[in-house]
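# Secondary and tertiary structure notes
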Amino acid sequence: MNDLNHSRILVIGGAGFIGSHIIDQLTQEGVREIVVLDDFVRGTRENLAEAVKDERVTLVEGSMTDRDLLAELMEGTDYVFLLAALWLYECVHEPRKAIDVNVVGTWNVIEAAHAAGVKKVVYSSSASVYGDAAFTPMTEDHPFNNRTMYGATKIAGEQFFRAVYEQHGMPYVGLRYMNVYGPRMDYEGTYVSVIMKVLDKIRDGEAPVIFGDGSQAYDFVHVTDVARANILAMKSDAADVNLNVGTGVKTTIKELVDALLDITGTDLEPDYRPQEQMFVTHRVGSTELSTELTGFEWSIPYREGLESVVAWRHEREQAAAG
Ligand SMILES: NC(=O)c1ccc[n+]([C@@H]2O[C@H](COP(=O)([O-])OP(=O)(O)OC[C@H]3O[C@@H](n4cnc5c(N)ncnc54)[C@H](O)[C@@H]3O)[C@@H](O)[C@H]2O)c1
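Being a predicted model, the structure only gives us computed values, none of them experimental.

Turning our attention to the environment of M185. Relative to the assigned elements, M185 resides in the loop between β7 (179-181) and α6 (194-203). Excluding residues within four positions of it along the chain, M185 makes contact with F17, S193 and M196.

Below is the structure:
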């Protein structure tokens, strides 16, 4: 077991959605110092508004493409959480930038962590590496059916960590998140999730759109659980392994929309439209290996999780209204 007490922890991409929840949970631990590195391409200071009240938390604005800065921040660091990455659609539209950040940036982190003698890195991979599900629930030995640039960069990251483990023995765990949702998920940017699109429609009094028959199923896992999975992965003796982080439960888009209509108390009916674009569907991850190796068990069912999103949006909208 890795003892986080009195340790210095670097969280790269810590101002983002998942990273900020990890930091909130780390402040509940006996750590000595939490350093957040983020270049704010997507993350916000607002996400860390509570956390920075804790004097152990320091926020550094900068990029993991800056090797000198990484070397400086890694000095004396015990543990690193690596979350920074460009997203699926950014990787589609700006593949070179995706390579610079997700591939070269990840390599920079590995190199700097190794040079500084970091004890362990927990790397944010993605269930995207699996692509279309050949079988469900997908176990970690499911083939890489990925066909996207984003997934390609995540596979590259996993492979770099493995190669460095082989050569130098630097412990790491890669986490392949399923569909993460919860408070602080992006809903103003260009690439917002289906949950936020449905809630936008409901707010505007319009019927939420479902493409196809709504039978597409996903494994929705709440961000609080995902943050806890990260901390358990760090504390555990697990190393040189990539683990699913999900619930293993299939939730269809129809179920999701119905739950949101119900929670918000609206009598709108979904607007079914022909499916325009084929997305990867029916991706549900096996939870067995991560439970066995890290003790992680998900705890928030989707209905309760969606309520937390609705409440958070409500709070933000109230605050914005003055
Ligand atoms: N949210 C999901 O459903 C999901 C699913 C699978 C995998 N992931 C992965 O988990 C990780 C965290 O995801 P998230 O949802 O919190 O995303 P996010 O975009 O909210 O967080 C990533 C953070 O990294 C920062 N960042 C980007 N480039 C940087 C750079 N060069 N240097 C420093 N900081 C940089 C961003 O500003 C942002 O704050 C990502 O690697 C993502 O690919 C997320």
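Let us look at the sheet that holds strand β4 (residues 79-82). The strands making up a sheet are joined through hydrogen bonds of the backbone, oriented either antiparallel or parallel. Reading across the sheet, the seven strands line up as β3-β2-β1-β4-β5-β6-β11 and stay open at both edges, with parallel pairing between neighbours. Of all the strands in the sheet, the pair left with one neighbour each is β3 (57-61) and β11 (241-245). The sheet shows a mean angle of 20° between the axes of neighbouring strands, direction not considered. Both strand β6 (residues 172-177) and β11 contribute to a ladder of five bridges, which runs parallel. The residue bridging R176 from the neighbouring strand is N244, located in β11. Taken strand by strand, helix α4 (residues 95-116) contacts β1 (8-12), β4 and β5 (120-124), and its axis lies near 175° from that of β4. Where helix α5 (residues 149-168) meets the sheet, it contacts β5, β6 and β11, and its direction lies at approximately 165° from that of β6.

Take the confidence of the model for the protein chain next. For the protein chain, the average pLDDT comes to 94, and 97% of its residues sit at 70 or higher. When pLDDT is averaged over each element of the protein chain, β1 comes out on top at 99 and helix α3 (residues 88-93) at the bottom at 87.

With that out of the way, let us pick up the nonpolar core. Soluble, globular proteins show a tendency: their nonpolar side chains are buried together. Within the largest apolar cluster, 88 residues are counted, with the highest numbers of intra-cluster contacts made by I12 and V80. The residues contacting I12, other than those within four sequence positions of it, are L37, M64, V80, F81, L82, L83, A84 and V109.

All right, on to the pairing of β4 then. Judged by which residues are buried, β4 turns out to be covered on both faces: Y79 and F81 on one side and V80 and L82 on the other are all buried. The pairing of β4 with β5 spans four bridges and is parallel. Residue pairing for β5: V80 is matched across the bridge by V121.

With that out of the way, let us pick up helix α2 (residues 67-74). Listed as buried for α2 are L70, L73 and M74. Down the axis of α2, the smallest arc covering the buried residues is 95°, so these residues share one side. Phi turns positive one or two residues past the end of α2, at G76, with a value near 75°.

In this section: the pairing of β6. Side-chain direction in a regular strand flips from residue to residue, so the side chains alternate between the two faces of the sheet. Extensive coverage of β6 is indicated by the burial of six of its six residues. Neither face of β6 is open: one carries Y172, G174 and R176, the other V173, L175 and Y177, and all of them are buried. Two strands pair when backbone bridges link them, and β5 and β6 are joined in this way by four bridges, in the parallel orientation. Bridge pairing in β6 places V121 opposite Y172. Following the backbone out of β5, through α5 and into the adjacent parallel β6, one traces a crossover that is right-handed.

Attention now moves to the site of the ligand. Taken together, 27 residues sit near the ligand, with G13, G16, G43, A84 and A85 positioned nearest. Contributions of two or more residues to the shell around the ligand are made by α1 (17-26), β2 (33-38), α4 and β7. Per-element accounting of the shell around the ligand gives the leading share, three residues, to α1.

The next point concerns the packing of helix α8 (residues 253-263) against helix α10 (residues 302-320). Each pair of packed helices can be described by the angle between their axes along with the distance between the axes. One way to put it is that α8 packs onto α10 with a least axis distance of 10 Å and a crossing angle of 55°. Overall, the two elements α8 and α10 adopt an arrangement that is oblique. The handedness of the crossing between α8 and α10 comes out as right-handed. Touching A259, L260 and I263 of α8 are Y302, R303, L306, E307 and V310, all from α10. Considering only residue class, the contact of α8 with α10 consists of six nonpolar, no polar and two charged.

Cut-offs used in this document
- Residues numbered from 1 in each chain as written.
- Predicted model: local features only at pLDDT ≥ 70, side-chain atom pairs only at ≥ 80, totals over all residues.
- Helix = DSSP H or I, 4+ residues; strand = E, 2+ residues; numbered from the N terminus.
- Contact = placed C-beta atoms within 7 Å.
- Pairing = 2+ DSSP bridges.
- Axes fitted to C-alpha atoms, helices over the stretch in contact; angles between N-to-C directions.
- pLDDT = per-residue confidence, 0-100.
- Core = buried A, V, L, I, M, F, W, Y, C linked by C-beta atoms within 7 Å.
- Buried ≥ 20, exposed ≤ 12 C-beta atoms within 10 Å, placed from the backbone.
- Arc of directions from axis to C-beta.
- Right-handed = clockwise from strand over helix to strand, strands pointing away.
- Near = placed C-beta within 6 Å.
- Parallel < 35°, antiparallel > 145°, perpendicular 65-115°, else oblique.
- Left-handed = near helix turned anticlockwise from the far one by under 90°.
- Nonpolar A, V, L, I, M, F, W, Y, C, P; charged D, E, K, R; others polar.

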